[in-house]
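Breakdown of the fold
Chain residues, written in single-letter form:
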Amino acid sequence: MDNRQHLLDCALMLLSQRGYDAVGVQEVAKAAGVTKPTLYHYFGSKRGLLESLLKQEAGELVSVIFAAAAYHGDLVLTLENIARAYFQLAQEATSYYRMQMTMFISPPESEANQAVQPYMRQQVEILEDVFLKAAADHGNLKGRHQRNAAVFQGEINALIGLFLNNRLDLTGETVYQLVHQFMHGIFS
């Protein structure tokens, strides 16, 4: 078994269950069945472990969202593709998604928040780009790309939060309702 990957897997499990600040390097090493010096050999520090984990997991998420966000003149279809991709990722990588959301809402000066911010920014920039491109087809979107991206991602994450707490199933119908409500507002 690859010690490096096993350390990342154990760290992901522990961090998603208890949060970054509540898990120590010794605990990760013990869970992986290696020594602390082995962990330090691969990652240098707890922050290095976290950054390696984020690079692996968030990198995959960002590439899937980027592919789903290809805009070809149909905003509804593009938003449905994005929502489907996020929902699928949350269902397949539940531990990572829970960890990401927890880190994102942690205090801005915390090590966890600072480490996850670049990946969260990438996700928002992908969504902003969709709305910038769609503004060429939908004049009422002009100048609102940042707000639209933030609101759409917020709605996605709120639904994923419900899923992570066993209060909602992420289905095709959930995708449809999300995009329909987003596109038409709360009075639709």
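So, here's what we can say about the structure.

Parameters at a glance
Residues numbered from 1 in each chain as written. Predicted model: local features only at pLDDT ≥ 70, side-chain atom pairs only at ≥ 80, totals over all residues. Heavy atoms only, no water. Phe/Tyr/Trp six-rings, centres within 6.5 Å; stacked < 30°, edge-to-face > 60°. Lys NZ or Arg CZ within 6 Å of the ring centre and 35° of its normal. Axes fitted to C-alpha atoms, helices over the stretch in contact; angles between N-to-C directions. Helix = DSSP H or I, 4+ residues; strand = E, 2+ residues; numbered from the N terminus. Parallel < 35°, antiparallel > 145°, perpendicular 65-115°, else oblique. Contact = heavy atoms within 4.5 Å. Nonpolar A, V, L, I, M, F, W, Y, C, P; charged D, E, K, R; others polar. 1 Å grid on protein atoms, 1.4 Å probe; cavity = no way out; pocket = protein on both sides within 12 Å on 5 of 7 lines; lining within 4 Å. Points joined across faces, edges and corners; volume = space filled by probe spheres on them. Core = buried A, V, L, I, M, F, W, Y, C linked by side-chain atoms within 4.5 Å. Buried < 20%, exposed > 50% of the residue type's maximum accessible area, 1.4 Å probe, protein only. Left-handed = near helix turned anticlockwise from the far one by under 90°.

A look at the packing of aromatic side chains
Where two aromatic rings form a pair, the distance of their centres and the angle of their planes describe that pair. Across all of its chains, the model carries 4 aromatic pairs by this definition. Above the face of the Y20 ring, K46 is positioned so that its terminal group lies 4.2 Å from the ring centre.

Quick look at the packing of helix 1 (residues 3-18) against helix 4 (residues 46-68)
Following both chains from N to C, one finds helix 1 and helix 4 inclined at 90°, their axes separated by 10 Å at the closest point. Classified by the angle between their axes, helix 1 and helix 4 sit roughly perpendicular to one another. Two secondary-structure elements touch here, helix 1 through R4, Q5, L7, L8, A11, L12 and L15 and helix 4 through L49, L50, S52, L53, Q56 and E57. Counted by class, the contact of helix 1 with helix 4 contains 8 nonpolar, 3 polar and 2 charged residues.

A look at empty space enclosed by the protein
Taken as a whole, this structure holds 1 cavity of 30 Å³ or more when the rule is applied. As a volume, the largest cavity reaches approximately 50 Å³. In terms of lining residues, the largest cavity is bounded by A11, L15, Y20, V23, G24, V25, V28, K46, L49 and L50. Elements that contribute at least two residues to the lining of the largest cavity include exactly helix 1, helix 2 (25-32) and helix 4.

As for the layout of surface pockets
When its volume is computed, the largest pocket comes out at roughly 190 Å³. Taken together, L75, H138, N140, L141, R144, R147, N148, V151, F182 and M183 make up the lining of the largest pocket. Of all the secondary-structure elements, those providing two or more residues to the lining of the largest pocket are helix 8 (145-164) and helix 9 (172-184). Element by element, the count of residues in the lining of the largest pocket is highest for helix 8, at 3 residues. Here the residues of the lining of the largest pocket sort into 5 nonpolar, 3 polar and 2 charged. The computed volume of the second largest pocket comes to approximately 160 Å³. If you go around the second largest pocket, the residues you meet are R98, M101, T102, F104, I105, M120, N157, G161, L164 and N165.

Concerning the nonpolar core
One finds L54, I82, Y86, F87, M99, F152 and I160 to be the most contacted residues of the largest nonpolar core, which totals 64 residues. The leading source of residues in this core is helix 7 (residues 111-134), at 10 residues. Setting aside anything within four residues of it in sequence, one finds M99 in contact with L12, L15, S16, L50, L53 and L54.

Considering the packing of helix 1 against helix 6 (residues 94-104)
Their axes nearest at 8 Å, the elements helix 1 and helix 6 cross at an angle of 50°. In terms of orientation, helix 1 lies oblique with respect to helix 6. Helix 1 and helix 6 meet at a crossing whose hand is left-handed. Across from L12, L15 and S16 in helix 1, the residues of helix 6 making contact are S95, Y96, R98 and M99. Classifying every residue of the contact of helix 1 with helix 6 gives 4 nonpolar, 2 polar and 1 charged.

Just geometry here; none of it tells us what the structure is for.
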